[in-house]
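Commentary on secondary and tertiary structure
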Amino acid sequence: TPKERVDVIVTNPPFGGQEEDGIETNFPQAWRTRETADHSIPYGVAGALLNGNVTHHSFEDARLHDPRVRMLVGKIELVENAAFTAAFEGTPQHYCARVTLITATGERLSAESGGDEDDLATPKSNLKIEQKLCVMTEGVLYGACRMEILNGLWQLQDIPDAAQLPSAYPLE
């Protein structure tokens, strides 16, 4: 398959994707590496390459233990891009990254994110926020419940105590 013909996947996140020392002890033994499980850049990149995106489904047991994910994770190298780190540290802040796949024949396929309307630091329209909530809660929240929570979130600034939120929206 094409995924098996990929020799190396170079990922250029800010700071080279480095986590603080000791963070790996917070994860299951099988994922105790410098970059680990559901918070790791390699895992997210592998999941996105296999499934087209990263959602809550990406962290279900079947995907966490998918041998194709582990195969791709093993091919991922994190290399800091100084310009991306500077953009992250700058004002306004930008979340830039690049992923480059290098095939067995030497072909390079690259894609970048950040610094545009989809940058994490760029304010989002209400429609974009609503669409993302729907995608991220698919299979968890439905119809009226989702809309009630969404409407409540739009009124968040009017809630005097955030401790009221869990009881206001019980999930069953």
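Look above for the structure.
Residues numbered from 1 in each chain as written. Predicted model: local features only at pLDDT ≥ 70, side-chain atom pairs only at ≥ 80, totals over all residues. Heavy atoms only, no water.

A few points about the nonpolar core
To keep things clear, this is the line we draw: Take the buried Ala, Val, Leu, Ile, Met, Phe, Trp, Tyr and Cys residues and link them wherever side-chain atoms come within 4.5 Å; each set so joined is a nonpolar core. Remark: exposure states derive from per-residue accessible area (1.4 Å probe, protein chains only) relative to the maximum for the residue type, with buried under 20%, exposed over 50%, and partly exposed in between. Helix and strand assignments come from DSSP, with helices taken as H or I runs of at least 4 residues and strands as E runs of at least 2, each series counted from the N terminus. In what follows, residue pairs with any heavy atoms lying within 4.5 Å of each other are defined as contacts.
With 11 residues, the main nonpolar core is built from Val6, Ile9, Tyr43, Val45, Ala46, Leu50, Leu64, Val69, Leu72, Ile76 and Leu101. Those elements giving two or more residues to this core turn out to be strand S1 (6–12), helix H1 (41–51) and helix H3 (67–73). Ranked by the residues each element gives to this core, the list is headed by H1, at four residues. Discounting chain neighbours no more than four positions away, the residues touching Leu101 are Val6, Val8, Ile9, Leu49, Glu107, Arg108 and Leu109.

Side note on helix H6 (residues 143–154)
In an α-helix, one turn spans 3.6 residues, which is why side chains three or four residues apart end up on the same side. Threshold: Here, expected helix span is obtained from the residue count minus one, scaled by 1.5 Å. Relevant arc is that of directions from the helix axis to the C-beta atoms, nothing else.
For H6, spanning 12 residues, the distance from its first C-alpha to its last is 17 Å, which sits close to the expected 16 Å at 1.5 Å a residue. Among the residues making up H6, those that are buried are Arg146, Ile149, Leu150 and Gly152. The arc that holds every buried residue of H6, seen down its axis, measures 160°, which confines them to one face. Looking at the packing, one finds that the buried side of H6 touches helix H5 (126–136).

Brief notes about the sheet that holds strand S4 (residues 108–113)
As a reminder, the rule being used: DSSP calls a pair of strands paired once it identifies at least 2 bridges connecting them. To define axes, lines are fitted to C-alpha atoms, for helices over the stretch in contact only, and angles between the resulting N-to-C directions are given on a 0 to 180 degree scale.
Here four strands make up an open sheet; going across it, the order is S2-S1-S3-S4 and the pairing mixed. Two strands bound the open sheet, and with one partner strand each, they are strand S2 (76–78) and S4. Within this sheet the neighbouring strands show an average axis-to-axis angle of 15°, counted without direction. Two strands pair when backbone bridges link them, and strand S3 (residues 97–103) and S4 are joined in this way by six bridges, in the antiparallel orientation. Note on S4: the bridge partner recorded for Ala97 is Ser113. Contacting S1, S2 and S3, H1 crosses the sheet at an angle of about 135° to S2.

Observations concerning the pairing of S1
In terms of residue burial, S1 counts as a mostly covered element, since five of its seven residues are buried. Bridging between S1 and S3 involves six bridges; their strand directions are antiparallel. Residue Val6 lies in a different strand from S3, and its bridge partner there is Thr103. Pairing analysis gives three bridges linking S1 to S2, with the strands arranged parallel. Considered in S2, the bridge of Ile9 is made with Ile76.

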